[in-house]
Each structure stands twice: as structure tokens, then as C-alpha cells.
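Working through the structure, step by step
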Amino acid sequence: MNHPRRSLFGITRSFCIPVVLFFTAIGASADLEQEARSKIEILEGLMADAGEKSLDVTREETRIWFANEFLKFADWDEENIEANEYLFGVYHEPFRSQKKKYAQELPDFERQKVIEILDEGISTLEAVIAGDIVRRPVNKVDWQNIEVADDVLLSNGKPIFLYDYFSKSVGRPLTDTRVYNDHLGAIFHGGENLYPVDHDRAINSFLLKEDGTWDDGLLKEITGISDTNVGFLLFWNGGIPDWVLKKEPEANRGRGLFTGFDIDNPLVREVWGKIARKSGELTQGKKVTQLGYILSNEPHWYAEKGYWTQRFKEMNSLSSYTDAKFKAWLKDAYGGDIAKLNENWGKSFKDFESVTYPFPLPPALRGKPLWYDFCRFNMDRGTEWFTYIQSELKRGNPEADTSIKLQPNLFSENARSHGIDMEALTELTSMIGDDAKTKWVRSLNAKGPEPWEERYSYLWEELSSTYDFLSSVAPDKIHFNSENHFLSASWVRELDQPVDYVRNVYWLATIQGMDANIAWWWARDPDGSPEDRMEGELDFFDPALAGSYAASANQQPQIVNEVTQVMYDLNSFSEEVMEIRRQRRPLRLFYSETSAINKKQHMTEHHKLYEQLFFEGFPLGYATENILRKQDASAWDAIVVYKTQFVTDSEFEALQSYLDQGGTVILDGKSSLSKDEYGKPRKESLKESKGKLLKANGTSTDAVAEAALEAIDGGELPIALSEENGTNFKGCTWRVVDKPGGGHLANILNLGRNTARLTLALKDGKAVSATDMLTGQDLGSEFELKPNGVLLLEVK
């Protein structure tokens, strides 16, 4: 914003609080400001001392940068109470009803947090100068010279993990070092920073005019893109021009939440095919495409009645084009035999053209043939759409890298009418794309305690299980999280967010595959004011976007500082992190989309087994029919089939073929693989053949996990980790790899609620000694790790 020191409503200061309290607050604020400035001087003095000893002080430079920025922000917030009161008020409780209190307390909260990050910086640097802490120099990102390799990004020849913030002070150029720098990140956002504007600076439906010519003004936003920094381009699908709707009144019928048109409409396809192709031509070879073209923002087309995403009436019906496509799909699926469909559906249709069905689908249909057919079709048509768009893009830019911002909960949660085949789309694009979220605090709309709270510091299920699945599908692809929701999400917010959680979750995501991430979100202009979309100065006003501001990272210096600090550490140990990440996944959980579509609680059941095996010291993986047919089976030791009753004949045959080739399968109880996709009993059962077919002693999670661990006993870990945390369940997830020169490299993350007492030993019982590589401090073989703790160890 170019209007320093003014509020949302043009008022420079709120005078609604009592005068005495006002001047009292000013006095306290001045004391905090003075204290912070004094500590900045102390830290700068220590940095000078460290410089004389040739010690790296990049981490401290970032602390001071954020300290100065947030002291400036606190001043703005203090002079614009009413503006912040509004921004707290457009969010949920407890912020809405206490908006005045939060707005008045915010400036001193920010100053106090600045003091805390400076205190930590002072004590840490004193220990570094004294030799009590030994740190590696920061491996800084060379934002202008990133190399994109097969499965890793490189900077100066070493692996690098990129970081930045979503939105980034809308529309500011890369030359504005106040927002593009090492502290906040410097990835160019091609269209992402304009969310959710349809008409400006994104690759969108409005580039093409009715007469077939291009909108020169909008094209300039693409051709004028800076070619200095690594970046990405987003295809924003949020709207459709009026001229398209006039020619095709159904063009937005059957739309998705963020896909504002019918993907089966022939005119829409023609328009978007041309846009994709033109965009590729105009940007080919530019650095802004190094992280690829994001083909869509959170695509989904939920087909079940009553789902929360159905905000538009157009989402509750299908176009005639989609209806015709479904009937053609049915005809192909049933081999043109309408009698087979009638038998499955319990109907008596004359032919495929006369097939009728309810839409949206009643949830009671789940598990029935109609439900399966439509959900499978919905996924297939979504994949076909992205196949088409990608092919058109590559006509303009044959070397284009691509990803899709997939929502991980579309895999980890039970719903399956959404039209997204995570495996197929991850195979299709050249990069993995997602916008994973976690939460460290109970959702604001929760009616009581959530299940994860009993055991863990935060809910990691969506992130971890989906990342392991995506990495199993595409083990050699770069992974770009283009909208990470680790810091805040729709119903997840806390003003005094814990710093240790931030370090832990970024470390976990990176170990599990994340190469680059854009955090949600940065909405401060350099003068401290919220960017224009918070004030309604553009052509529209979006209260939902304004509601994302309250209690976000924009008001928490301790959080944004910690994000950069943990990225510095990850990049300083990037080679070790990649060694850990590239580990073989000895145990694979068999995943069937067929069962996930048919069963109401399939993923809930699967997560129980995943959770039990997640803390055993090795990375978990998944196997699907495609993975079994396309990947080298030597990449794993065994496959676990757990509560997977519904599989197609093709899936069943892939498992049998794996056994025929000498593979090992652990099968639970009696029900798995017992039905086809329509619920018809399967007569055949797996045969051991040349492999090993092991049956667990029952269907309980404990029994199946025990059988699975016994099956991979030949791939024992070189060291053992025992944990005591006052409960009957584990909280520390860990990995260990051999170091080339001898010894081992171990990574331990405490996800549990309690402090863990850990003991390391060799498998033969011999003692070991561990050194914390982040600090250089010796830990011995027994040590404690607090909740959200992170350790990278050299073990000898």
C-alpha cells in the first residue's frame, strides 16, 4: 500500500479507548520498543565479534531484519487500531467477538515477540563465539541460478530447498528487495500472488477475446515477467468470460469450487487449449518456468449431495456434455452391453442413451455400482482434462515442467466423489504438486477434543501419508508445495503459535519429499499496512481473503523468523537430508482406489496401520497396481494388504503376478481382495506361487503390523532406538542411514505430546555415541527430546 499510517477507513488513529489507558499503553510500548532496540545493538555487537573469528552470522542477520520489520509493523498497527479491529472481526471466534482486544494488544504482542527472537539470538551467538555450539555456515540460496535436476533442485552444485510466501504483497516486482530477499524468499510468483483475481497477471480465461485475438494488456503481464529468479506460473481457472457464456450457456454448469467452468464444454476446451499453448510459447526458456506451470489451483468436482464445496448452484448439476460423456464412458466400461449395466444397477434401461441417475449422488449410494461407476468416471474425466491441457501447453513449450496443486486430503480423507485420481495426475505431470496442511491446535469450529490431541503435538496424518504416497508413485520427481498451510488454514489459527512446531513440521515435510514451498501467506506491504486486497482497493472486495489475515504469520515475528531459520538449517545439511530422503522403502501398503471409492471409512482404517508402522525407523511406501506393473520390485521387500475388500480383477492379477515373480505379500484376515469393484464375490484367492504369501494372525492392526515387521526382518536397521514417554504409544519418527566413511546418520522428530527419553544402541547391543549435528554437542547414547524436538545425529 502506498498510504503509510492510515487505517482501513482513512482514520489515522482510533480514539475510542479511554485517554488514561491510551497514554499508559504508549508508555509501555515505548519501553518495549527501547528494549528491542537495545537488544538489536547487543546482537549487532556480537555479530561483529563473531565476524572477527570468521563465524557465519547469516542467521543473526535474519533475526535483525525481522526485528526491524516487525517493530515497524507494530508502529503501523498501533496507529491503525480500527483497521486491525476490522480484520480480526471478519474472522471466526474467538477473534470476532474480541476484535477490539486483539487489535489493541497486537502492537505490544509483536514487540514482545521481537524481544524473544533477539534474546534467543543473543544467547545462541554467545554460545557459538564461546565454542559451546558449533554451526555449519548457512548454504544460502542463489535465487538467480537454480538448477533443476531429476529429483532435486541445486544451488551452487548442492541440493537446495526453496521457500517463500504466498501472495507476497500483491504485484510487487522482483526488484523490490523489501519483500524478495533471503529472509522471506525470492521465488517469482507468476499469477499466484494475484489470487483470487481473474483479470490481472495470471494465466486465465480472459486472455482470449471473442474474435480470436489476444488481450494485449493481459499478455503483457506474461511477456513482461522478470527473467532473473527461479519461479512458477499458475493457470488460474476461477472464471469464464461473458462471451463464452453467451455462446455456451452451460459453460459453467458442473463447475468446481476453483474451476469456474465445465471441463467437458467444447468451447471452454478450445479457449483453454489456445491459452495453454500461447502461454507456453511466450514463456519458453524463462527462469519463471523452472518450477513449472501449475495447471490448476486445488481442482475438485465433488459429486455427492450436501458436500460443503457446493457453494454454487452450477456445482449441483451436470452439463449435457458431461452427461453424454458419462454415458459414453458407461458404454465402453460395459462393453456396449446394456444388460450388464442393468444387472449391476438393478435397472431396465433400453440403451445407454436412456440411462438416468440422480445428481448430486445421494451418499446412501456409496458401495453400490452406480456410485462406483460415477466416481470412477469423474476421476477419469478429470485426468483427461489435465492430459489435454498439458498436451496443449507442450505444443507451445515442449520442455514445460508441470504440476497440479492437489489437496492432500483428497487422498488422506475418506471422500472419493471429488474427481481427482491422485496417482494418475502425479504420473501425468513432471513434478509433484500439492498444498498440504497440518494443525497444531484444535480447529476453531470443533465441538470438542480431536482424536490426534491424545497422542500428538500436531496432526501430521494428511501431510505424511499423502507425501509417502506421492513419493511412491513418483520417486524421482521434484516436489513443489505451492501453498503450504503449516502456519494457518481456514479454521486453524493461533496468535501465539509455538515456534518448535514450525521447525518440526518444516523438517518433517522436507524429509518426506518437499523440495520447494510457498507458505500461506504474506500480506504486509513494506510500510506495515495490509496489502490492497485487505482494504478493498481493487475491483472487488473479498472478506474471505481478509479473514485470512487475523492471527496469521503477518502478525507473528517469531514464526516467520523460525521458518527462515529452519530452512537455513535444512539447506546447510541438504546433502544429509537427501541421503535420508532417498532411502529405500522396504514395506509397501497396498492402495486400491476401488476400495477407497466403495468404502465409507477406508482411509480411516488404513491410517491406523500406517500410524503404527510410521515410528519404526524406516520410510513407509505404497504399492498400487500401476506401481507393481511399472516399477522395479527390488525397491521393496514386502507388500501389506489390509482391509482392502474391493479390488478390480486387474488389481488382483497385479498382486498375483508379483507373487509369481517371487514377491512377498502379507494378507490380513479373510476379507481383503474378496470382492470386485461392484461388490460381487471373487472366487479366486491369491496363490503363493514362487513368492511368499503370509497371513496375519487376524485383522487387528497389531497383528498385521507384527506380521509386516517380521516379513522385512532381513532388512534390519543398523541401530535400535527405544523410547519412553509415559504412554503406551510411540511419538518419535526416525530414520537412519549408513555414512560412507563409517558410522550412521540419524534423524529423529518428536511428534508426540510428551518429552521422550531415548536410548540408541547397535543391534548387537554395543554402545554408541551420538553428536547433535545442528549444534556440535555430544549427547551420548541416552538423551531427552521434547515435544516438537528435532535432532540430526551423527552416530558412532
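Residues numbered from 1 in each chain as written. Predicted model: local features only at pLDDT ≥ 70, side-chain atom pairs only at ≥ 80, totals over all residues. Heavy atoms only, no water.

1. So, the environment of Y388
For Y388, the position within the fold is in helix α10 (residues 369–396). For the pair formed by Y388 and W143, sequence separation is 245 residues and the distance between their alpha carbons is 32 Å. (Helix = DSSP H or I, 4+ residues; strand = E, 2+ residues; numbered from the N terminus.)

2. Comments concerning the pairing of strand β6 (residues 231–234)
Because side chains alternate across β6, one face comprises the buried residues G231 and L233, and the other comprises F232 and L234, equally buried. Of the strand pairs in this sheet, strand β5 (residues 188–190) and β6 are connected by three bridges, and their pairing is parallel. Residue pairing in the sheet places F188 in a bridge with G231 of β6. (Buried < 20%, exposed > 50% of the residue type's maximum accessible area, 1.4 Å probe, protein only. Pairing = 2+ DSSP bridges.)

3. Digging into α10
Helix length check: α10 (28 residues) gives 41 Å between terminal C-alpha atoms against 40 Å at 1.5 Å per residue, within 8%. With 22 of 28 residues buried, α10 is to be regarded as a mostly interior element. (Expected span 1.5 Å × (residues − 1).)

4. Side note on the sheet that holds strand β3 (residues 158–159)
The strands making up a sheet associate through backbone hydrogen bonding, with each pair oriented either parallel or antiparallel. Ordered in space as β1-β2-β3, the three strands form an open sheet in which the pairing is antiparallel. Only two strands of the sheet have a single neighbouring strand rather than two, namely β1 (146–148) and β3. For β1 and strand β2 (residues 153–155), the ladder comprises three bridges, and the chain directions are antiparallel. Following the sheet pairing, I146 is matched in β2 by S155.

5. Things to note about the nonpolar core
Grouped together as the largest cluster of nonpolar side chains are 217 residues, with contacts concentrated most on L162, Y506 and I748. Counting residues per element, this core draws most heavily on helix α4 (residues 99–130), which supplies nine residues. Setting aside residues no more than four positions away along its own chain, I748 makes contact with L721, C732, T733, W734, L758, F783, L785, G789, V790, L791 and L793. (Core = buried A, V, L, I, M, F, W, Y, C linked by side-chain atoms within 4.5 Å. Contact = heavy atoms within 4.5 Å.)

6. Overview of the packing of α4 against helix α16 (residues 557–572)
Helix-helix packing: each pair is described by the crossing angle between the helix axes and the interaxial distance. Remark: α4 packs on α16, axes separated minimally by 8 Å, with the N-to-C direction vectors making an angle of 35 degrees. Listed contacts from α16 to F109, E110, K113, V114 and I117 of α4 are P557, Q558 and N561. Here the contact of α4 with α16 is built from residues that sort into four nonpolar, two polar and two charged. (Axes fitted to C-alpha atoms, helices over the stretch in contact; angles between N-to-C directions. Nonpolar A, V, L, I, M, F, W, Y, C, P; charged D, E, K, R; others polar.)

7. A few points about the confidence of the model for the protein chain
In the predicted model, the protein chain carries a mean pLDDT of 92, and the fraction of residues at 70 or more is 94%. Scored below 50 in pLDDT, residues 537–541 makes 15 contacts in the model with residues more than four places away or belonging to other chains. (pLDDT = per-residue confidence, 0-100.)

8. Structural notes on a negative patch on the surface
Negative charge collects at one region of the surface, where D702, E706, E710, D713 and E716 lie side by side. Relative to the assigned elements, E706 resides in helix α22 (residues 701–711). (Patch = residues over 30% accessible without salt bridge, like charges linked within 9 Å, V, L, I, M, F, W, Y side chains within 5 Å. Areas by Shrake-Rupley, 256 points an atom, 1.4 Å probe, with all protein chains shown as cover. Salt bridge = Lys/Arg side-chain N within 4 Å of Asp/Glu carboxyl O. Lys, Arg positive; Asp, Glu negative; His and termini not counted. Charge placed at Lys NZ, Arg CZ, Asp CG, Glu CD.)

9. Describing the side chain of R63
For R63, the position within the fold is in helix α2 (residues 58–79). Beyond its immediate chain neighbours, meaning those up to four positions away, R63 contacts L43, I117, E120, G121, N561 and Q565.

10. Some details on the sheet that holds strand β11 (residues 516–519)
Judged by pairing direction, the sheet is parallel, and its four strands sit side by side in the order β4-β11-β10-β9 without closing on themselves. Of all the strands in the sheet, just β4 (162–165) and β9 (432–434) have a single pairing partner and so form its edges. Sheet twist, expressed as the average angle between the axes of neighbouring strands with direction ignored, equals 10 degrees. As judged from the four bridges shared by β4 and β11, these two strands associate in the parallel manner. Each bridged residue has a counterpart across the sheet, and for D164 the counterpart in β11 is I518. Contacting β4 and β11, α16 crosses the sheet at an angle of about 165 degrees to β4.

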